[in-house]
Amino acid sequence: MSMRVRFAPSPTGTLHVGSARTALFNWLFARHEKGQFLLRIEDTDQTRSKPEFLKEILGSLQWLGLNWDGEIEYQSRRLPHYTAVADKLLTEGLAYKDGQAIIFKVTPGQVVSFEDLVHGQVQFNTLEIKDQVLVKSDGMPTYNFACVVDDSDFQITHVIRGDDHISNTPKQLLIYQALKRNPPIFVHIPLILGTDRSRLSKRHGATSLQEYRQMGYLPEAMVNFLALLGWSPGGDRELLTLEELIHEFDLKRIGKTGAMFDLTKLNWMNNQYLKNASLEELLPLVEEKLSEKDWWTDKLEPAWVAEVVELYKSRVDTLEDFCRQTQGLFTDEIPFDPEAVELRLKQPGVAGRLKIFAEHLQILQAWDAASIEAACRSIAEQLKVKAAELIHPARVAVTGRAVGPSLFHVLAVSGKERTISRLLHAAETLCPS
Ligand code: GLU
């Protein structure tokens, strides 16, 4: 039999990284098994479900590349079906009415158990489970009821979902029993935790996928990172392509304990992907980011933008970080870091050195990194100072920052006129005279 899984988001909020990870595990399993990955929208909560959330969830799944099979199912379009199934349980005496609501009878003192692929044998006593509402008085099915009807109607073989649903599973199993339908295999995956080991929340930073997209993480990096939240291919491999993830994915390697969302690791990973990304992939993303900030103009030479991207891509964590580091190149504003100004510019002798540097650059014939470097080294020799005494202040003067790529390359892409005017500006206004 072919494996069938589903991802069943409720469009009552944006896609949380935890849900994205659940979607990814389902998707990887389906692709590994050459099965089906279905998408079901659990939109029976009519007040909290919003079309804009649905749109964002679908957009985030597409952005990650998690394509689904077949048509999307919407629970809101299957209401008569749930009522019919509940009516059948009424007729069989397995449910009763309370006003308009239909309630499922739970016999106390029974043990419900199942074999979870992650947690092993799980047992609940029905003493802990109250009678279950199947259909509310407003005619809407409850989550547990609609979920069972749909999972069995669509012949789902594996339900892979977050640990937070584990206590719903015995309730669902009782409904399967009453409906005389076979339950799927359950796979409850561990929660995602913040670095302080408490459940990941807003307090830890961004939790919705669209925020990460907005900050300029690449979807490949995000997929790689999410895949390793609670799963590992064994060994210490951390960078895996989508093909490798599909090939390696195995439910048996899902851990039992909470998975830590470590932003430092995500940043490292995204940097690796940015570093290895081709210009063809990066340029459109950079253009989009620059446009958002109104930094993009038609006057920008694509070849020049490409040079800037080449120069910075191996040292940025995200596209937002790229903008932070290159603001001085794309705008006339120099984002001066006060500490860097203090350390590198507010020092005796710096003004003079910057002016001499500017004068020498002025008479340079060629404007490229090698010529700029040669000029810098010869001035340093003449002034009997280390080249660093010119390089550090010049970097702050031109970029506003204490760190960055090779200064000579930075000055080369900054352009002659701009470099000289910034060196002089710093010498005259920021350095002590
Ligand atoms: N709509 C539920 C949720 O988003 C689905 C849970 C399940 O996969 O059964 O948590």
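This text gives an overview of the structure that appears in the document. Computed from a predicted model, the values in this text were never measured in an experiment. (Residues numbered from 1 in each chain as written. Predicted model: local features only at pLDDT ≥ 70, side-chain atom pairs only at ≥ 80, totals over all residues. Heavy atoms only, no water.)

## Considerations on the overall build of the chain
What counts is decided by this rule: Put simply, DSSP H or I for four residues or longer makes a helix, DSSP E for two residues or longer makes a strand, and each gets a number counted from the N terminus. Radius of gyration means the value over C-alpha atoms here, while the globule rule gives 2.2 Å times the residue count to the 0.38 power. For every residue, the accessible area (1.4 Å probe, protein chains only) is compared with the maximum for its type, and the residue is labelled buried under 20%, exposed over 50%, or partly exposed between those bounds. By definition in these notes, contact holds between two residues if any of their heavy atoms fall within 4.5 Å. Neither His nor the chain termini are counted; the positive set is Lys and Arg, and the negative set is Asp and Glu. A charged residue contributes its charge at one atom only: NZ of Lys, CZ of Arg, CG of Asp or CD of Glu.
In terms of helices and strands, the chain carries 18 helices and 12 strands. Radius of gyration (C-alpha) of the chain: 30 Å, far over the 22 Å computed for a compact globule of 433 residues. For the chain, the C-alpha atoms occupy an extent of roughly 100 × 45 × 35 Å along the three principal directions. The buried share of the chain, taken over its 433 residues, is 52%. Looking at the chain alone, contacts between residues at least 24 apart form 73% of all its contacts between residues at least 6 apart. A distance of 3 Å separates the average location of the 49 positive side-chain charges in the chain from that of its 57 negative side-chain charges.

## Some remarks on the pattern of salt bridges
Threshold: Just to be clear on terms, a salt bridge is a Lys or Arg side-chain nitrogen sitting within 4 Å of an Asp or Glu carboxyl oxygen.
Taken as a whole and judged by the stated rule, the model has 22 salt bridges. One salt bridge in this structure joins lysine 202 and glutamate 211, with 2.9 Å as the shortest N-O distance. Overlapping salt bridges, with partners in common, bring together Arg6, Arg40, Glu42, Arg78, Asp150, Asp151, Asp153 and Arg181 in one network.

## What about the environment of glutamine 214?
Its place among the elements puts glutamine 214 in helix α6 (residues 209-215). Since its relative accessible area comes to 44%, glutamine 214 is described here as partly exposed. When the C-alpha positions of glutamine 214 and threonine 318 are compared, they lie 9.7 Å apart, and in sequence the two are 104 residues distant. Look past the residues within four positions of glutamine 214 in its chain and what remains in contact with it is Lys289, Glu292 and Glu320.

## So, the sheet that holds strand β4 (residues 95-98)
The test is simple: Paired strands are those between which DSSP finds at least two bridges. Here, axes are lines fitted to C-alpha atoms. For helices the fit covers the stretch in contact, and angles between N-to-C directions go from 0 to 180 degrees.
The strand order β4-β5-β8 describes an open sheet built from 3 strands, whose pairing is antiparallel. Pairing within the sheet leaves two strands with one partner each, and these edge strands are β4 and β8 (132-135). Between one strand axis and the next, the sheet turns through 40° on average, direction left out of account. Of the pairings in the sheet, the one linking strand β5 (residues 101-104) to β8 comprises 3 bridges and is antiparallel in character. When the sheet's bridge partners are listed, isoleucine 102 is paired in β8 with valine 135.

## Considering empty space enclosed by the protein
Formally: Think of a 1 Å grid over the protein atoms and nothing else: a 1.4 Å probe that fits but is trapped marks a cavity, an open set flanked by protein within 12 Å on at least five of seven lines marks a pocket, and residues with an atom within 4 Å of a point count as lining. Grid points are joined across faces, edges and corners, and a volume is the space filled by probe spheres set on the points. Any residue outside Ala, Val, Leu, Ile, Met, Phe, Trp, Tyr, Cys, Pro, Asp, Glu, Lys and Arg is labelled polar, Gly included; the first ten of those are nonpolar and the last four are charged.
What the rule picks out here adds up to 2 cavities of 30 Å³ or more. Taken as a whole, the largest cavity holds about 40 Å³ of empty space. Along its surface, the largest cavity is lined by Tyr312, Gln325, Thr326, Gly328, Leu329, Val398, Thr399, Ser414 and Arg422. Elements with a minimum of two residues in the lining of the largest cavity: α12 (319-330) and α16 (388-399). Among the elements that take part in the lining of the largest cavity, α12 stands out by supplying 4 residues, more than any other. Here the residues of the lining of the largest cavity are counted per class, giving 3 nonpolar, 5 polar and 1 charged. Approximately 30 Å³ is the volume found for the second largest cavity. If you trace the second largest cavity, you find it lined by Tyr312, Gln325, Arg395, Thr399, Arg401, Val403, Gly404, Pro405 and Val410.

## Topic: the environment of histidine 360
Secondary-structure assignment places histidine 360 in helix α14 (residues 350-362). A relative accessible area of 24% means that histidine 360 is categorised as partly exposed. Separated by 60 residues in sequence, histidine 360 and isoleucine 420 place their C-alpha atoms 9.6 Å apart. What histidine 360 contacts, discounting residues up to four positions off in sequence, is Ile379 and Gln382.

Shape is all these values report; function is a separate question.
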